[in-house]
Amino acid sequence: MTELYEFLEQLAANNNREWFAAHRAEYDSLRARWIAELQVLIDEMSRFDPSLAHVEAKSCLYRIYRDTRFSPDKTPYKTYFSALISPTGRHCDRACYYFHQGVDESAIYSGVWCPEPKMLKKLRKAIIDNVDEFREITETPDILRHFPGWYGPQLKTAPKGYDRNHPDIDLLRLTEYGKGCQLPREFFARKDWQKKAAELYSLLKPMNDFLNYSIDE
């Protein structure tokens, strides 16, 4: 992991195709080792989420190449490795897990990202109709300690159909339902970091189950 961070820092300082081509062998080696480390994490997660039992790490990976078509930042490479972990690999539009390791942040996330308007409306209704259950699931002492808030953009006012003074306006304003936990680099120096990361992810499985049940209902 130390070598991974060193490589990504060098890439951040030399984010161009010439430098990357000259260091492609190093990247390929680090990528292969990272995939192996990620597989250990997924196997640990399958202990609390059996739907991940047959997931291969390589199906969860995101490419390091940036999509610069609509971005003013034309640097060609991401300065992080990342993966979306779900029963269908990185192709998932339901509640799932995300793993991010890079120069600016290393973190684990869980929940639903960028839901379509119809899905978001459905999730809001399910949450408000069962708000006591949802808060009980998402506001346990362990979750509040490791995942204190919600991430992602929020509306400035109430969504259509809800009063701005609704008692659960904090949940209604969310446009994504997910939680994240930042991890220091020292976390990955542990030999059992995958086990510890899986323990953190496991705290949010009941939330994912609630969200996915609501989506499928």
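First things first, this report covers the structure right here in the doc. (Residues numbered from 1 in each chain as written. Predicted model: local features only at pLDDT ≥ 70, side-chain atom pairs only at ≥ 80, totals over all residues. Heavy atoms only, no water.)

**Observations concerning the overall build of the protein**
Then comes step 1: Along the backbone of the protein there are nine helices and four strands.
Then comes step 2: Starting at the N terminus and walking to the C terminus, you meet the elements of the protein as α-α-α-β-β-β-α-α-α-α-β-α-α.
Then comes step 3: Scaling as 2.2 N^0.38, a compact globule of 217 residues should have a C-alpha radius of gyration of about 17 Å, and the protein matches this with 19 Å.
Then comes step 4: Summarising its shape, the C-alpha atoms of the protein cover approximately 55 × 40 × 30 Å along the three principal directions.
Then comes step 5: Entry remark: accessible area of the protein is about 12000 Å², with carbon and sulfur atoms responsible for 51%.
Then comes step 6: For the protein, the separation between the mean place of its 31 positive charges and that of its 33 negative charges on side chains is 5 Å. (Helix = DSSP H or I, 4+ residues; strand = E, 2+ residues; numbered from the N terminus. Rg over C-alpha atoms; globule rule 2.2 N^0.38 Å. Areas by Shrake-Rupley, 256 points an atom, 1.4 Å probe, with all protein chains shown as cover. Lys, Arg positive; Asp, Glu negative; His and termini not counted. Charge placed at Lys NZ, Arg CZ, Asp CG, Glu CD.)

**Considering the sheet that holds strand β4 (residues 177-182)**
Then comes step 1: The strand order across the open sheet built from four strands is β1-β2-β3-β4, with neighbouring strands paired in antiparallel fashion. Of all strands in the sheet, those with a lone pairing partner are β1 (80-85) and β4, marking the two edges. Each neighbouring strand pair of the sheet contributes to a mean axis angle of 15°, computed without reference to strand direction.
Then comes step 2: The sheet contact formed by β1 and strand β2 (residues 96-102) spans six bridges and is antiparallel. By the bridge assignment for β2, A83 is matched with F99.
Then comes step 3: Contacts from helix α3 (residues 24-45) reach β1 and β2, with the element oriented near 35° to β1. (Pairing = 2+ DSSP bridges. Axes fitted to C-alpha atoms, helices over the stretch in contact; angles between N-to-C directions. Contact = heavy atoms within 4.5 Å.)

**A look at the nonpolar core**
Then comes step 1: Counting 55 residues, the largest nonpolar core has L38, L41, I85, F99 and L211 as its most contacted members.
Then comes step 2: Element by element, the count of residues in this core is highest for α3, at seven residues.
Then comes step 3: Sequence-distant contacts of L211, that is, excluding residues within four places in its chain, are made with A95, G111, V112, L123, I127, F134 and Y177. (Core = buried A, V, L, I, M, F, W, Y, C linked by side-chain atoms within 4.5 Å. Buried < 20%, exposed > 50% of the residue type's maximum accessible area, 1.4 Å probe, protein only.)

**Description of the side chain of S82**
Then comes step 1: With respect to the element layout, S82 can be found in strand β1.
Then comes step 2: Among residues more than four places away in sequence, those in contact with S82 are W34, C60, L61, Y62, Y98, F99 and H100.

**Here's the deal with the pairing of β2**
Then comes step 1: The element β2 is extensively covered by neighbouring structure, given that seven of its seven residues are classed as buried.
Then comes step 2: A two-sided burial pattern is seen for β2, the buried positions comprising C96, Y98, H100 and G102 on one face and Y97, F99 and Q101 on the other.
Then comes step 3: Where β2 meets strand β3 (residues 106-112), six bridges bridge the pair, whose relative direction is antiparallel. Bridge pairing in β3 links Y98 to Y109.

**Quick word on the packing of helix α1 (residues 2-13) against α3**
Then comes step 1: Orientation of α1 relative to α3, taken along the N-to-C sense of each, is 140°, at an axis distance of 11 Å. Taken together, the axes of α1 and α3 are oblique relative to one another. Taken as a pair, α1 and α3 cross one another with a handedness that is left-handed. Each of E3, L4 and F7 in α1 lies in contact with α3, whose residues at this interface are E26, Y27, L30, R33 and W34. (Parallel < 35°, antiparallel > 145°, perpendicular 65-115°, else oblique. Left-handed = near helix turned anticlockwise from the far one by under 90°.)

**Digging into the state of the cysteines**
Then comes step 1: Summed over the entire model, instances satisfying the criterion amount to zero disulfides.
Then comes step 2: No disulfide involves C60; its nearest neighbouring cysteine sulfur is the one of C96, lying 9.6 Å away.
Then comes step 3: For C60, a relative accessible area of 0% puts it in the buried group.
Then comes step 4: With no disulfide partner, C114 has as its closest neighbouring cysteine sulfur the one in C96, 11 Å distant.
Then comes step 5: For C114, a relative accessible area of 61% corresponds to the exposed category. (Disulfide = S-S within 2.5 Å.)

**Describing helix α4 (residues 117-129)**
Then comes step 1: With 13 residues, α4 extends 18 Å between its outermost C-alpha atoms, agreeing within 8% with the 18 Å of an ideal straight helix rising 1.5 Å per residue.
Then comes step 2: Residues of α4 that are buried include every one of M119, L120, L123, R124, A126, I127 and I128, and no others.
Then comes step 3: Elements that come into contact with the buried residues of α4 comprise β3, α5 (131-138), α7 (169-172), β4 and α9 (205-216). (Expected span 1.5 Å × (residues − 1).)

**A few points about α3**
Then comes step 1: Compared with an ideal rise of 1.5 Å per residue, which puts 22 residues at 32 Å, α3 spans 31 Å between its outermost C-alpha atoms and is within 8% of the ideal.
Then comes step 2: Considered for burial, the residues of α3 that qualify are Y27, L30, R31, W34, L38, L41, I42 and M45. Buried positions in α3, seen along its axis, are confined to an arc of 120° and lie on one side of it. (Arc of directions from axis to C-beta.)

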